[in-house]
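Topology and contacts: notes
This is what each chain is made of:
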Amino acid sequence: MPNNQSQTPRSTSPSGEGDIESLTVSLTTSPRKLVKAVRQLQVEKRTAEALTQSLRRKLADITNDSLLDTSTQPKSKRVKTGHANDELNSSDEETVGRNAEQFVIRAGHKFCITCGPWLHSGTSLFQIDLDDTYSPAERFENEERKSQAQLREVWDLLQAKFESQDLKQAWVAKAFLIGLNAQRSNTATRVRRHCASIFGIDESDLMRSETRKEKFRNRIGWVVDARGNGSYSSVDVEILHKSYSGEYNPSSAFLSPVLTGLFIAIIRGPTAGKEFMMGITSNPRTETMASIHGLRNITPGAIATVAIFARWALSADEFLQPIGSTTGINYFSDYEEYINILQTGLHRKKKTIINIIKEWDHQVFPNTDTSLVGGSDSQESTGLKKAMALLDADSDEEEGIFGDGDH
């Protein structure tokens, strides 16, 4: 009787003795047939495994193509696009993405140290267009100019590997803020837990909020008016001054050795900061924030930022936030006041501000050749000038001493 069911294709054994599905195993089946059957099964198994692997690779390729969308994946401008990029395997793409993300995160770290502890407009800052007509002198004209100023600071840190339009990618803002927020948190912890001696106090004094309020609020700007009402001033702050007479003094402000010591502790480690306070010049042999980020000169943002860290460390506030939850100090607003004072004075070439920058560079970066107010005269440069002056004074050799041939 005919079989009306559809037949499944069967493989044929190389020996021509029929396929394995037609083999009937019994006590009388010869060992030779059993061995042939096992070998055939092994061949079919390997064939199936190879097919499975091929299908998996194709699926992975399709998945990777869908994931590697330029709007969502990190890609620096130095990553080539087009045919060459198509040849990169998924591992290469992942590495490129991770490297780009780490570059942006590190830029966030550096921003916190050299520019400021917060972004004026948060993540929306990255959606602003760079304004080619912007001038630093306009920074404090309005809120838009403040944001433009910070956007340009961000761009200065990222332009080595990115195009300006890349700033608007969501992952860039996210990675940058991860770096900025992490550096601010880590620095706050370092300053409060490991820098008590730089402030000239006991570590136990920094442990409790009430103790800090009781002992140190006068050092961080607490003033009482004629009516007996107290509040925190942004500039009448003892810890900002080299010598404090009870109110803001332009020639002494931002020159406190405590600020300098704290900044050195931040970029080179607490031990270096403590040694600075003892008059010892320290050159850490381990990797530091200064070496990682290539810090070579002081910036107004760095001075303003360390001033905020110093005031917060002695405050009753447990966490460094734009506005202190316990003291009510508007740290972000005070930071912007400090930036305004320093950058405006620098732009207008005011003697007191130029002296502040020079003094900081002298103390922290004594051999800098990138100072914002001109390079310092190091011993090497002075020696070179002297040698060149003596060389110029030396008489010329008479003509004819050297022939036209080899000298």
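Okay, so let's go over this structure. It should be emphasised that the depicted structure is a prediction, and the values quoted were computed from it without experimental measurement. Every chain is numbered independently, its residues counted from 1 as its sequence is written. Two thresholds apply to this predicted model, a pLDDT of at least 70 for residue-level local features and 80 or more for giving and counting side-chain atom pairs, whereas whole-chain, interface and lining totals are computed over all residues. Note that water and hydrogens are dropped before the side-chain values are worked out from all heavy atoms of the structure.

**As for the environment of P322**
The helix count covers DSSP runs of H or I at least four residues long, the strand count covers runs of E at least two residues long, and both are numbered beginning at the N terminus. The topology assignment puts P322 in the loop between α11 (300-313) and α12 (331-347). Counting along the chain gives 12 residues from P322 to D334, while the straight-line C-alpha distance between them is 9.5 Å. The criterion used for residue contact is that any of the two residues' heavy atoms lie within 4.5 Å. Among all residues touching P322, those that are not within four sequence positions of it are W118, I329, N330, Y331 and F332.

**Digging into α11**
Helices are assigned an expected span. That span is 1.5 Å times one less than the residue count. The terminal C-alpha atoms of α11 lie 20 Å apart, and with 14 residues this matches the ideal 20 Å at 1.5 Å per residue to within 8%. The element α11 is largely enclosed, with a buried count of 14 among its 14 residues. With a 1.4 Å probe rolled over the protein chains alone, any residue whose accessible area is under 20% of its type maximum counts as buried; one over 50% counts as exposed, and the rest are partly exposed.

**Focus: unusual backbone geometry**
Negative phi values dominate among residues other than glycine, just as trans dominates among peptide bonds. The backbone phi angle of F254 is positive, close to 65 degrees, even though this residue is not glycine. With respect to the element layout, F254 can be found in the loop between β2 (230-232) and α8 (257-268). Located in the positive-phi region is K349, a residue other than glycine, with phi close to 55 degrees. Secondary-structure assignment places K349 in the loop between α12 and α13 (351-364).

**Observations regarding the pattern of salt bridges**
Here a salt bridge means any side-chain nitrogen of Lys or Arg lying within 4 Å of a carboxyl oxygen belonging to Asp or Glu. In the structure shown here, the tally under the stated rule is 10 salt bridges. A salt bridge links R139 to E153; the shortest N-O distance between them is 3.1 Å. Within this pair, whereas R139 is found in the loop between α3 (90-114) and α4 (143-158), its partner E153 is found in helix α4, the two being separated by 14 residues in sequence. With relative accessibility at 15%, the residue E153 sits in the buried group. Residue E318 pairs with R212 through a salt bridge whose shortest N-O separation is 3.6 Å.

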